[in-house]
Structure formats: structure tokens, C-alpha cells
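Overview (structure and organization)
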Amino acid sequence: MSTSEQHTPDAQGNHNWVDVQNSPDFRELRRRLRSFVFPMAGLFLAWYLLYVLLADYAHGFMSTKVLGNINVGLILGLLQFVSTFVITTLYVRHANKNLDPMAEKLRNELEGGQA
Amino acid sequence: MNGNALLNIGIFGIFVAATLVVVIRASRNTKTAADYLAAGRAFTGPQNGIAIAGDYLSAASFLGIAGAIAVNGYDGFLYSIGFLVAWLIALLLVAELLRNTGKFTMGDVLAFRMQQRPIRAAAATSTMAVSFFYLLAQMAGAGGLVALLLGITGKGGQAVVIAVVGALMIAYVLIGGMKGTTWVQIIKAVLLIAGAGVMTVWVMGKYGFNLSNLLGSVSDKLLGPGLQYGKTETSKLDFISLALALVLGTAGLPHILMRFYTVPTAKEARRSVVWAIWLIGIFYLLTLVLGYGAAALVGSDKITKAPGGVNSAAPLLAEALGGPVLLGLIAAVAFATILAVVAGLTITASASFAHDIYANIIKKGQLEDKEAEVKVARRTAVVIGIVAILGGILANGQNIAFLVALAFAVAASANLPTILYSLFWKRFNTAGALWSIYGGLGITVLLIVFSPVVSGKPVNPATGKSASMLQGVDFHWFPLDNPGLVSIPLSFLLGYLGTILSKENNKEKYAEMEVRALTGVGAEKATAH
């Protein structure tokens, strides 16, 4: 329970948040987060939308059988599952390697500074 | 059916007894608001991930999607893809930042750098609207399920069962709070996924573990898209609209957002979502087999004509595979699903009332007695439970499928734009947030009221009834069943316009919010017992 209901900077009033926000370390952390999540979000939304449009307007193509009774539509649908699992794994790896250590360092600096 | 009904009730009774014991044991240390509303923030990522899966895989997901695949084939499968892909938004853009900046509710995050009272009122309004639509859909769905599983066809008998479900749900929430509710979700998720897994292996075994063989024994028209949404240009647009609401709605569902506060850190929130994505993804792959399995082994026609209609596909498949015992098990799991989801929704709505409205608006955040917030949350839960029981009884037998679509559309239109702007846009301000929440909510409800789901669908000559909610009137002018295609872009636009037309711009508060969101400085810690 370190913050008040109103989030007024009492115990942590020592921080000038704008300065922290403009510090090179924090800007680098933000760049690392945004340069991963924004393009990735754009990518999976575009891929999902493409899939939806194909399922909606290209019935013949989607119904083409490829392997036995398994058709293009089913394969593309299953690939949506695969891409979701892959993006999840990639993000976790990125966060563990490139985001967490930096966030922890900044957090320790800020929380150490108030004591 | 009577012997089966007793068996079903017996198995369900065992589930209720076992979960009540767990809930009572879990509630022993519940004292503060953080204990009651956020389970002391002491769940691990994997535990919370399983609970999220339990919260998310509602009866609509389990019975609804398996049934939609059995009857509409590939078009049913499209639902599950939207429901799954949506989780990437929660993972990449929302979960961790939300965990770091809030305490109990969506309102915490939205109000962080805004004027507290108007924003919290707006956030609570949309939270309660989404929860209420969702809750009503689940409760009314329980009526149909009862008809199918217990052989109770009279309205009076069904009302009694709805009341029992509601009373049990109130008990879970009152006694267990968030901690007890989370354990119910976990137990239910494990049972649900295990049950679906056993049935999937069983079905696949009948077809030599060859998916192509299974697909070969269902009608060819079920394999390609278009059976449900391909008929006209309007229904194709409707499908795009639905797909948008599904993919953008999940990360705006308040009962899902609230789950991120039950873990100690942002990293655990991330792990929760990863677990949830794997479990939900695997579960939807199982429902694909169950849906086509039901089409092959039970038959689409028999499913459509059964009491409970499309929702009966999974239970009928269970009966065809393993007789009354497996039917009883799956029926009990289906009941447990409804019970767990309504409990999760109730605690979310009561948390929003107690925390956003009572503690922060009425008491202006100056609450002396910390236990008062818990007391108010408990009372609210009872009121919401009673409203849900009455609503469920009234809505029983109504066409309520649109309520879930409505909940997702409101979440995608009113909540998600506001959350994303709030977390990522420096300039965003109180006016923008109010415009996108109230604008999104208002437009969505307006478009639904004047859509074909409420009035004006053609009368089916076979039954003499229209598929709309109201019979014999037609005041619809919006052509689509799902408003998302219009309401989501409009809400983003309103949030933008509201922001730039207002001068307010709190740079310092945004700096604090962004630093805290990304680093976890000053984030709420787990309470130690």
C-alpha cells in the first residue's frame, strides 16, 4: 500500500516524473517496447483481417482441398493459431531479454532514491 | 431422462460441494479491499492464467462454438479464431501496463491522469453495462441448458433452477471474494479442458486419429466458409463487423482486465496471459474436433431439433460417445462454467461500484474505514445477483445470443479506445475519455436497438416467428446485427476529437503514469499474510 487513493505524489514526491520520462534510459526502454509491440500488433491485425476477408469473400479458394479432406480454409485457420502462439513466444523472449532488466534497473534507481 | 437428470444433478452437486469447501478455506485471510477485490494480489501467473481461461471460456464458448461448428461448419470455427487472436492485444498492449498503474478496476487506469470523478463514473457505467449484458446472457442461457440436461421443460421449474444458480453464485462471491472466485475458475477450467480433451481423443479414436477421415464423414458444405454469413452482401459485412468486435473486445472486457490485479507484478501478469493464450488456443482446437465430431456422430439435423438447439451439440456428442455417465459429467461441467463465469462478472461489477463509485466518487477517495469498501462490494454483489436472477428468469427463452455480441461491441467501442489512448497518447485528456466512453456506449446501444436483432427480421414460414427479439413490429434502420464496424471507428474518432477540442493536457501526470506503467515503480504489491 505505497500509494494513496488519489495517486498524489506524497512519499514519492521527490521525483520529477517529466525528468525521468525524458532521461535517456527511460526513452530507450520506451523505444524498445514500442518498436516491438506496435509493428507486431499491426502485423497480426493485418493477417487476421486478411484471413477474415478471404473467409468472407473467397469461398471457392478457401474450400479447395489440399490434403485429403483438409482444405485451404482450415489450414489458414490453423495458421492463425500458430501465428498467435509464435508471436506470444517472441514477445516473452523480447520482454525477458530486452525489457525486464532495464525496467528493473530504472525501478531500483527510482525506489532507492526515495528512501 | 429422469435417471439421467438425477445423475446430472448428483455430479453437479459434488462439484458445488467441493468448490464451496475450497472457497471457504480460501477466504480465511480475507480482510482488506486488496484481499477481497484482488485476492491479495497473491496468485501466480500460471494460476491466474488458468483462472483467466476459466473466466473467458463461458458456456457460449464451450457449448456455443462446438454447436456452431456442428451446424454451421467452418463459420463456427471463425468465432474461435477471433476469440483467440484477440488475446495478443491484451498481451502486447494492455496487461502489464494496466497492472502497473491500477489497483482494482479499469477506472483506476483511465482516471490516473484525468479528473477523477467524471472518468470514474464513466468507467463504472461502461463496466456495469458490459457486465450486465454478459451476465444476463449467461443466466438466460442457463434456462435452455436446464431444459436439455435435466429434462425440466416448464418455465416454473427452469426459473427455480436459475434462482438456485444465482443463489450459489452470490454465496461464492460473498464468502470467497476474488480469491474464492479465482479458485472456482481454476477448478472449472481444469475440468472443462480435461473433459473436452477426453471427448476429443474419443472422437479422434473413432476415426483412426486422422482429421481428414473425420472431415470426410461430415457433409461437404460444412467444410468451407459461407454457410452462416455468406448468403448476402449484408451478411458478409455483418461478419466483418463481428470479427472486429471479437478481436478488439476481449482486451476491453472488465472482468478480464480485473484479473490482472490478482498477481503480484507485471511480469506475472504477462505470464498469466501467456498461460491463458495456450490454454484457450488448445481448447478451441479441441472444440473444432468436438463440433465436427457432433456433426458426424449426432448429425446437424438432430442437434438443431433438440431442446436447447445448437447449444446441445456437445452434450449430445457426450451421450453418443459415453452414454449417460459422460453426459452427466459434461452437463456438470457446463453448469460449473455458467456458475464460475457469473461469479466472475458479479465480483467485477461490484468492485467497480464499491471502488469507483462509492470509495472514489461518493467518499472522494477519503475513505476512513478501509473495510467499508469491502462491505459495499459485498452488498452490491447481493443486489447484482438478485437482478441477474430476475433478469435471467425474464429473459429465459428469449433470443439472447445478441447480448454477448453486444457486450463485446461495447467493450471494443467504449473501453478499448479509451484504454489505448490512455496508455499511449500523451495529449489524451478528460474530455477525450468521456467522449469515447459515453460515445462508444451510446452509439453501440443505439445501433443495436435499431438493428434487425431487435426488430424486423423476416418471419420464418416454418415456425411463424421472426428471428428478431420483438415480434410483429419493425423499426430497424441499421442493416447489420453487429454494430462494431461503425461504432469502433467512431469511438476512436470521438476520443480524438474530444481530446483536441479541450485544452486540458496534464504533462506531469502522464509522465508519472508512463514511467510507472513501463517500470513498475510504486505498483501495488502483494499483501502478505
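Calculation criteria
- Residues numbered from 1 in each chain as written.
- Chains lettered and ligands numbered in written order.
- Predicted model: local features only at pLDDT ≥ 70, side-chain atom pairs only at ≥ 80, totals over all residues.
- Helix = DSSP H or I, 4+ residues; strand = E, 2+ residues; numbered from the N terminus.
- Buried ≥ 20, exposed ≤ 12 C-beta atoms within 10 Å, placed from the backbone.
- Contact = placed C-beta atoms within 7 Å.
- Rg over C-alpha atoms; globule rule 2.2 N^0.38 Å.
- pLDDT = per-residue confidence, 0-100.
- Axes fitted to C-alpha atoms, helices over the stretch in contact; angles between N-to-C directions.
- Parallel < 35°, antiparallel > 145°, perpendicular 65-115°, else oblique.
- Left-handed = near helix turned anticlockwise from the far one by under 90°.
- Nonpolar A, V, L, I, M, F, W, Y, C, P; charged D, E, K, R; others polar.

Regarding the overall build of chain A
Looking only at helices and strands, one finds four helices and two strands in chain A. Mapped from its N terminus to its C terminus, chain A presents α and β elements in the order α-α-α-β-β-α. Relative to its full complement of 115 residues, chain A shows a buried share of 25%. Considering only contacts within chain A whose residues lie at least 6 apart along the sequence, 56% involve residues at least 24 apart.

Concerning the overall build of chain B
Looking only at helices and strands, chain B features 20 helices and two strands. Computed over the C-alpha atoms, the radius of gyration of chain B is 22 Å, within 12% of the 24 Å expected from 2.2 N^0.38 for a compact globule of 529 residues. Counting the 529 residues in chain B, one finds 65% classified as buried. Taking as baseline every contact in chain B between residues at least 6 positions apart, the subset at least 24 positions apart corresponds to 82%.

Some details on the confidence of the model for chain B
Taken over all residues, the pLDDT of chain B has a mean of 88, while the share at 70 or more is 97%. Listed scores for the predicted complex are pTM 0.92 and ipTM 0.91.

Topic: the packing of helix 9 (residues 155–206) of chain B against helix 16 (residues 371–395) of chain B
Residues and elements named next belong to chain B. At a minimum axis separation of 9 Å, helix 9 and helix 16 run at an interaxial angle of 165 degrees. Viewed along their axes, helix 9 and helix 16 adopt a mutual orientation that is roughly antiparallel. The handedness of the crossing between helix 9 and helix 16 is right-handed. Residue-level inspection shows A159, I162, A163, G166, M169, I170, V173 and L174 of helix 9 in contact with helix 16, the latter providing R378, A381, V382, G385, A388, I389, G392 and I393. For the contact of helix 9 with helix 16, the per-class residue count stands at twelve nonpolar, three polar and one charged.

What to know about the interface of chain B and chain A
Opposite the 46 residues of chain B that make contact, chain A presents 49 residues. Elements supplying a minimum of two residues to the side of chain B that touches chain A: helix 5 (74–85), helix 6 (87–101), helix 10 (211–216), helix 11 (233–249), helix 13 (266–297) and helix 20 (507–519) of chain B. With eight residues, helix 20 of chain B is the single largest residue contributor to the side of chain B that touches chain A. Considered class by class, the residues forming the side of chain B that touches chain A number 28 nonpolar, eleven polar and seven charged.

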